[in-house]
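Spelled out, the chains give:
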Amino acid sequence: MKFVHLADLHLGKRVNEFSMIEDQKFILLKILNIIDEEKPDAIIIAGDVYDKSNPSIEAVELFGKLLSDIASRKIETFIISGNHDSAERLSFASDIIDNVGIHISRAYNGEVKPFELKDKFGSVNVYMLPFVKPAHVRAAFPDEEITSYNDAVSVAVKNMNISADKRNILVTHQFVTGAKTCDSEEISVGGSDNIDAAVFDCFDYVALGHIHSPQHITKQTVRYAGSPLKYSFSEANHKKSVTIVEMEEKGKAEIRTVPLIPKYDMIEIKGSYETLMSKAFYESLNLEDYYHITLTDEEDILDAISRLRTVYHKIMKLDYDNVRTRTNSVIDADKSIEELLPIDLVNELYEKQNGKPLDENQLSYVNEQIEKVWGCEE
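Residues numbered from 1 in each chain as written. Predicted model: local features only at pLDDT ≥ 70, side-chain atom pairs only at ≥ 80, totals over all residues. Heavy atoms only, no water.

**Student:** An account of the layout of surface pockets is needed here, citing residue identities and associated values.
**Tutor:** Over the atoms, a rolled probe matching the size of one water molecule traces out where space is still vacant. Its boundaries defined by the atoms lining it, the largest pocket holds a volume of some 320 Å³. Taken together, 13 residues form the lining of the largest pocket, with S105, R106, E111, V112 and K113 sitting closest to its centre. In terms of residue class, the lining of the largest pocket is made up of 8 nonpolar, 2 polar and 3 charged. (1 Å grid on protein atoms, 1.4 Å probe; cavity = no way out; pocket = protein on both sides within 12 Å on 5 of 7 lines; lining within 4 Å. Points joined across faces, edges and corners; volume = space filled by probe spheres on them. Nonpolar A, V, L, I, M, F, W, Y, C, P; charged D, E, K, R; others polar.)

Right under this line is the structure:
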């Protein structure tokens, strides 16, 4: 049994106010090419199909096109909702879609029935558990003691009545303890949404969504596919991929990845304004990529982002790294503060923030403003 494991499409995503819809169209086409080459028996999409619970028209149309493309290939497909999705919206018309082999999880109600696939080694049961919170599972099982996410998923799994002698796959969207996270994911403060990987011991493969970096947890068969695109600069060094799983007899599965190369990458560069704007520096770069630029100039560059965009057209983020930004001084009030003149207070504040005192022109300007406010001369 060969299947393709995907997750976290986040269709309709905007990153730093840049729409990713064209990038998503491009990468979905690449994924379809991989599907055509691999010829899998099934496709899994483990949640966060959309970036918002109320997705844009463009995002809905793109997902519709993907479903149509998959349906034309007649491949059994299993899709669950993630924490960014609305389970009810995502599963609209799922009864009809089931008939063409595309199965979308409904909102959790306590009942998770497996879909049975068959190959030469026998049956493979696919269980679809959408993103759940403790409240969702408590509503279905009010007599169970559920105080945490781990309790909730444990109870949900227990009530699936898994057949231990068969090969079982779980598709779910949760944060499993030990996963390496980045800024793109929504993780609860203090790790309150952690799930212990041991909860999934009864499954032969766990197709996870939620974490954007491809990785396995505790063992190879508990795996995050990762997102197909980079959705923040904390993912700049990620190697995106499609996960391919080939399951043979029970207890035996081979897992590999196929790289995904985006149309435009996310790149971080650092240096002085003069250096970054020199042709010798940028002529080897793809200037259509998305950029996070960090300037090292001690003085702010006037209208820096507009000027940089004449070369780097898709700047998403601009920072400075200099004495001022590296200084993290806390300015404490003390008893002598009332004895200081306004100009002295301003000068002390400026020096602690910037590592140097006001120059003559700045002092003159500040004095003028003080005169206007206080109506007196220093």
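**Student:** Talk me through the nonpolar core; I want residue IDs and the actual numbers.
**Tutor:** Of all hydrophobic cores here, the largest spans 39 residues; its most connected members are L11, I45, V49, F63, L66, I79 and V242. Those elements that provide at least two residues to this core are β1 (2-6), α1 (21-38), β4 (42-46), α2 (57-73), β6 (102-104) and β15 (241-247). When residues no more than four places from it in sequence are discounted, the contact partners of F63 are L11, V49, Y50, I79 and L90. Grouped together as the second largest cluster of nonpolar side chains are 31 residues, V132, A152, L208 and I217 included. (Core = buried A, V, L, I, M, F, W, Y, C linked by side-chain atoms within 4.5 Å. Buried < 20%, exposed > 50% of the residue type's maximum accessible area, 1.4 Å probe, protein only. Helix = DSSP H or I, 4+ residues; strand = E, 2+ residues; numbered from the N terminus. Contact = heavy atoms within 4.5 Å.)

**Student:** Now, about the pairing of strand β12 (residues 205-209): what can you tell me, with residues and values included?
**Tutor:** Among the 5 residues in β12, 5 count as buried, and that is most of the element. With burial as the criterion, each face of β12 is covered, one bearing Y205, A207 and G209 and the other bearing V206 and L208. Inspection of the sheet shows strand β9 (residues 167-173) paired to β12 by 5 bridges, in the parallel sense. Looking at β12, one finds that I169 is bridged to Y205. Strand direction decides the pairing type here: β12 and strand β14 (residues 219-224), joined by 3 bridges, are parallel. (Pairing = 2+ DSSP bridges.)

**Student:** Describe the packing of α1 against α2, and please don't skip the residues or the numbers.
**Tutor:** The interhelical angle for the contact between α1 and α2, taken along N-to-C directions, is 10°, at an axis separation of 11 Å. With respect to α2, the axis of α1 lies roughly parallel. Judged by residue contacts, I21, Q24, K25, L28, L32, I35 and D36 of α1 engage E58, A59, L62, L66, D69, I70 and R73 from α2. Across the contact of α1 with α2, the residue classes tally to 8 nonpolar, 1 polar and 5 charged. (Axes fitted to C-alpha atoms, helices over the stretch in contact; angles between N-to-C directions. Parallel < 35°, antiparallel > 145°, perpendicular 65-115°, else oblique.)

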